[in-house]
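Chain by chain, the residues:
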Amino acid sequence: LIKNPCLSFLKRYLQRMSTDSKIIDGKLLADEVLSEIRAKMAAIESDAPKPAITFVRVGEDPASRSYVARKQRVANELGFLSDIQVFPETITESKLIEHIASLNANPNVHGILVQAPLPAPLRTQSIFGAVDPRKDVDGFNPINLGKLVTEDSSGFVPCTPLGLVEICKRENIQTEGRHLVIVGRGLIVGKPASILFVQKQLSATVTVCHSKTQNLQNITRQADILIAATGLAGLITAQHVKQDAVVLDVGINRQGENLVGDVDFESVYPIVSRITPVPGGVGPLTVAMLMVNTFKAYLLALKI
Ligand code: GUN
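Just so it is clear, the model here is predicted, and its values are computed rather than measured.

Thresholds applied
- Residues numbered from 1 in each chain as written.
- Predicted model: local features only at pLDDT ≥ 70, side-chain atom pairs only at ≥ 80, totals over all residues.
- Heavy atoms only, no water.
- 1 Å grid on protein atoms, 1.4 Å probe; cavity = no way out; pocket = protein on both sides within 12 Å on 5 of 7 lines; lining within 4 Å.
- Points joined across faces, edges and corners; volume = space filled by probe spheres on them.
- Helix = DSSP H or I, 4+ residues; strand = E, 2+ residues; numbered from the N terminus.
- Near = heavy atom within 4 Å.
- Polar contact = N/O pair within 3.5 Å; in protein donor to acceptor, adjacent residues only side chain to side chain.
- Areas by Shrake-Rupley, 256 points an atom, 1.4 Å probe, with all protein chains shown as cover.
- Nonpolar A, V, L, I, M, F, W, Y, C, P; charged D, E, K, R; others polar.
- Phe/Tyr/Trp six-rings, centres within 6.5 Å; stacked < 30°, edge-to-face > 60°.
- Buried < 20%, exposed > 50% of the residue type's maximum accessible area, 1.4 Å probe, protein only.
- Lys NZ or Arg CZ within 6 Å of the ring centre and 35° of its normal.
- Axes fitted to C-alpha atoms, helices over the stretch in contact; angles between N-to-C directions.
- Parallel < 35°, antiparallel > 145°, perpendicular 65-115°, else oblique.
- Left-handed = near helix turned anticlockwise from the far one by under 90°.
- Contact = heavy atoms within 4.5 Å.
- Pairing = 2+ DSSP bridges.
- Right-handed = clockwise from strand over helix to strand, strands pointing away.

J.: Just checking my understanding: could you explain empty space enclosed by the protein for this structure?
T.: One pass over the structure, following the stated rule, counts one cavity of 30 Å³ or more. In this structure, the largest cavity is lined by Ile 112, Leu 113, Val 114, Phe 128, Val 131, Asp 136 and Asp 138. The element best represented in the lining of the largest cavity is strand 3 (residues 111-114), accounting for three residues.

J.: What am I meant to see in the site of the ligand here?
T.: Taken together, Leu 113, Val 114, Gln 115, Ala 116, Asp 138, Phe 140 and Ile 188 are the residues near the ligand. Take Asp 138: an N or O atom from its side chain is 2.4 Å from a nitrogen atom of the ligand. Contact with the protein chains removes 84% of the 280 Å² of surface that the ligand exposes when unbound. A breakdown of the residues in the shell around the ligand according to their chemical character gives five nonpolar, one polar and one charged.

J.: What is the right way to read the packing of aromatic side chains from this model?
T.: The geometry of two aromatic rings is summed up by the distance between their centres and the angle between their planes. Inspection of every chain in the model, using the stated rule, returns three aromatic pairs. Judged by centre distance (5.7 Å) and plane angle (35 degrees), the rings of Phe 295 and Tyr 298 are tilted. Of this pair, Phe 295 and Tyr 298 both sit in helix 11 (residues 282-302), three residues apart, roughly one helical turn. Judged on exposure class, the residue Phe 295 and its partner Tyr 298 are both buried. If you follow Lys 22 out to its NZ or CZ, it ends over the ring of Tyr 269, 4.7 Å from the centre.

J.: What am I meant to see in the packing of helix 7 (residues 159-170) against helix 8 (residues 190-198) here?
T.: Helix-helix packing is characterised by the crossing angle of the two axes and by the distance between the axes. Two elements in contact, helix 7 and helix 8, have axes whose closest approach is 9 Å; the angle formed by their N-to-C orientations is 40 degrees. Relative to helix 8, the element helix 7 is oriented oblique. The two elements helix 7 and helix 8 cross, and the hand of that crossing is right-handed. Here Pro 161, Leu 162, Leu 164, Val 165 and Cys 168 of helix 7 come into contact with helix 8, specifically with Pro 192, Ala 193, Leu 196 and Phe 197. Partitioning the contact of helix 7 with helix 8 into residue classes produces nine nonpolar, no polar and no charged.

J.: Quick question: what am I supposed to make of the layout of surface pockets here?
T.: If a probe the size of a water molecule is rolled over the atoms, the empty space left behind becomes visible. In this structure, the second largest pocket spans a volume of roughly 680 Å³. Lining the second largest pocket are 29 residues, and of these Val 157, Leu 162, Lys 169, Val 292 and Lys 296 sit closest to its centre. Looking at the lining of the second largest pocket, the elements with two or more residues in it are helix 2 (26-42), helix 6 (142-149), helix 7 and helix 11. Looking at the lining of the second largest pocket, the element that brings in the most residues is helix 11, giving six residues. Residues of the lining of the second largest pocket, tallied by class, amount to 13 nonpolar, six polar and 10 charged.

J.: Sorry, what's going on with the environment of Leu 113 here?
T.: With respect to the element layout, Leu 113 can be found in strand 3. Residues Leu 113 and Val 56, spaced 57 residues apart in sequence, show a C-alpha to C-alpha distance of 6.0 Å. Not counting chain neighbours up to four residues away, the residues in contact with Leu 113 comprise Thr 54, Phe 55, Val 56, Lys 71, Val 137, Asp 138 and Leu 290.

J.: Is there a simple way to think about the pairing of strand 4 (residues 179-183) in this case?
T.: Two faces belong to every sheet, and in a regular strand the side chains alternate between them. Of all five residues making up strand 4, five are buried, and the element is well covered by its neighbours. Side chains His 179, Val 181 and Val 183 of strand 4 all project onto a buried face; the interleaved residues Leu 180 and Ile 182 project onto the opposite face, where all are buried too. Here strand 4 pairs with strand 5 (residues 205-209) via five bridges, running parallel. Of the residues in strand 5, the one forming a bridge with Val 181 is Thr 207. In this fold, the crossover linking strand 4 to strand 5 by way of helix 8 has right-handed handedness. The pairing of strand 4 with strand 6 (residues 225-228) spans four bridges and is classified as parallel. Bridged to Ile 182 within strand 6 is Ile 227.

So, in structure tokens, the structure goes:
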């Protein structure tokens with residue numbers, strides 16, 4: 001019964017009553033998104049093809065292996081078809097692009113995800129650009145990045161920025177007119193998130209900070225919503241955060257056995273109104289939004 005999307009609000013309300021209401025439960029929100037996809041899947045005729053995603057991984061980076069495995073598990077749980085193609089670190093750019101071209105041409109593949117980072121000397125942008133924009137569920141092809149800038153909703157938006165928006169929507173975090181400060185200007189999160197949050201629908205006032213920003217604290221302390229996407233463990237401390245700010249921590253950094261964010265959770269927690277933990281905050285939403293994009297690519301391919 002509780003899987004019914006109509007009851008998800010009630011479920012979330014009950015959970016919020018029984019848990020810490022400051023901490024945003026990304027797993028719970030991701031489960032809501034996934035159950036909405038499940039409901040849409042159930043409405044499709046059973047003899048129709050299933051949504052299909054192919055993951056491309058180069059080399060054996062342990063973090064990439066674990067991320068791709070998790071994405072595949074969630075895809076399979078939804079009843080999507082999935083495949084992981086693994087290539088050696090020694091593969092040339094042109095060979096890898098040839099493989100991507102064959103996936104582009106394969107009508108049984110609806111979504112393609114090339115896991116970053118790619119080992120040198122492969123140029124990530126050249127590889128991302130080889131993915132057919134209609135199958136680019138990661139949203140990194142320049143056509144889709146262009147559609148993001150022009151607010152053309154037919155394109156694909158990168159998954160982590162989409163996940164950040166989903167958190168704001170589902171947690172009633174107002175963005176319109178509010179100062180949203182992003183620390184990090186990377187292609188995967190910071191840059192696309194900055195473009196997404198200034199779009200009319202969200203209408204935040206966006207500031208992007210990066211490694212050359214002077215007086216970082218002075219800027220981040222002005223944030224109503226602070227997004228940390230630097231990959232530097234614990235960079236954001238209590239001194240960087242305004243009282244009652246919302247803090248969304250995109251960082252996933254390994255510290256010995258533990259995963260920690262870009263935010264020093266212990267020191268920041270008492271100040272904020274809401275905060276995402278690591279793990280269990282933004283990460284599950286990234287995976288859920290990949291499934292949303294894959295389902296969109298599937299509908300696009302089947303013209304449903
Ligand atoms: N590496 C870290 N995050 C991502 C992502 O969202 N997509 C891809 N392809 N690689 C990543």
